Amino acid sequence: MIRSLVAGCGAYLPQKVVTNADLATKMATSDEWIRQRTGIRQRHVAAQGELTSHLAINAAEAALADAGMTPDELDLIVLATTTPDETFPATATRVQAAIGMHHGMAFDVQAVCSGFVYALAVADNFIKVGQAKSALVIGAETFTRILDWNDRGTSVLFGDGAGAVALKAVESKGDKSDRGVLSTHLFSDGRYHDMLYVDGGPSSTGKAGFVRMEGREVFRHAVTKLAQAVDAAIAQNGVSESEIDWLVPHQANLRIIDSMGQRLKLPPEKVVVTIDRHANTSAASIPLALAEAKADGRIKPGQLVLLEAMGGGFTWGSALLRW
């Protein structure tokens, strides 16, 4: 059986850091109010002229370097983003050109905060059926560009950044001891559109629009839907909760992250948390967390890593990997 092995990770965060205290000088909020509700202390904000593609290129180059791969070895780029450079073409093609990859395939995937899990599933399936032997999976966002800074309920939650993983096809036995992506599980339900969306677009207003969210409803649904995705991964692979070494969740809210860790009976030190420093970077949050945990030595070869995310749509999903 062919598996998709994570051969390298990369990350990029814009230089500008905006703290909760900085936001408190511009709106009716406070560091205490934000931290108590979300766990966020600060976020990175892209500079003027710094595009989603710029963030993605930096993360992609870092992932390739970490994997010891060259662009010539790549067959596929899948870029998850809600904030593309342009309506078309795909921002992935800008990354493709910038890193010097002049062959293969490059395209975007849009599933908001679930985007990286969706993109990973797409790339993994290309590799499993033999249409690609290697891939770059990127999550990149300049999410602060679609925030209404007069809306305290949403503007304090998000940040900008990019993360990437390089995948290689490897032959495996076909059981849960294999290294690589063991399974991915994707879900969506469009009935919940109005709870988390952007009030614009090329076909509706002709403008990018701003994020609109019913925070309490999103929180309530997140807990149950993420549990569904996590249970699917555990059941499909015949693993127990005690076998999971790391939970790497989408970084949306510290209370949601904590509840999922508790559900899996994982101690806090086995849950990768970056929300305090990155805020919610949408599709970039999971690969940013993966890159950090690999770089500091927490995640080690052979360990079982569970990813989960939920975003607008609603979309949600999970992936189980052996590092």
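Description of the structure in this document. (Residues numbered from 1 in each chain as written. Predicted model: local features only at pLDDT ≥ 70, side-chain atom pairs only at ≥ 80, totals over all residues. Heavy atoms only, no water.)

### What to know about the packing of helix α7 (residues 215–237) against helix α8 (residues 254–263)
Packed helices, taken two at a time, are described by the angle their axes make and the gap between the axes.
Item 1. The contact between α7 and α8 brings their axes to 10 Å, and the two run at 35 degrees. Seen along the crossing, α7 lies across α8 with a hand that is right-handed. For the pair α7 and α8, contact is made by F219, A222, V223, L226, A227, V230 and D231 and by R255, I256, S259, M260 and R263, respectively.
Item 2. A breakdown of the residues in the contact of α7 with α8 according to their chemical character gives eight nonpolar, one polar and three charged. (Axes fitted to C-alpha atoms, helices over the stretch in contact; angles between N-to-C directions. Helix = DSSP H or I, 4+ residues; strand = E, 2+ residues; numbered from the N terminus. Left-handed = near helix turned anticlockwise from the far one by under 90°. Contact = heavy atoms within 4.5 Å. Nonpolar A, V, L, I, M, F, W, Y, C, P; charged D, E, K, R; others polar.)

### Observations concerning the pairing of strand β7 (residues 160–171)
Item 1. Here strand β1 (residues 2–12) runs beside β7; their pairing, made up of 10 bridges, is antiparallel. Counted as the bridge partner of I2 is E171 from β7.
Item 2. Pairing of strand β6 (residues 134–142) with β7 involves nine bridges; the strand directions are antiparallel. Along β7, the bridge assignment pairs G139 with G163. (Pairing = 2+ DSSP bridges.)

### With respect to unusual backbone geometry
Outside of glycine, negative phi angles account for most residues, and trans bonds account for most peptide bonds.
Item 1. Cis geometry is adopted by the peptide bond preceding P89, which originates at F88 and carries an omega value of 0 degrees.
Item 2. Examined against the element boundaries, P89 turns out to sit in the loop between β4 (76–80) and α4 (91–99).
Item 3. Phi is positive for V112, which is not a glycine, with a value near 55 degrees.
Item 4. Here V112 is to be found in the loop between β5 (105–109) and α5 (115–128).
Item 5. Of note, S282 is a non-glycine position whose phi angle comes to about 55 degrees, a positive value.
Item 6. Position of S282 relative to the elements: it lies in the loop between α9 (275–278) and α10 (285–295).
Item 7. Here S282 falls in the buried class, since its relative accessible area comes to 0%. (Buried < 20%, exposed > 50% of the residue type's maximum accessible area, 1.4 Å probe, protein only.)

### Describing the pattern of salt bridges
Item 1. In total, this model carries 19 salt bridges according to the counting rule given.
Item 2. The shortest N-O distance in the salt bridge between D148 and R212 comes to 3.0 Å. Here D148 is found in the loop between β6 and α6 (152–155), whereas its partner R212 is found in strand β10 (residues 211–213), with 64 residues between them in sequence.
Item 3. The partly exposed category is assigned to R212, whose relative accessible area is 24%. (Salt bridge = Lys/Arg side-chain N within 4 Å of Asp/Glu carboxyl O.)

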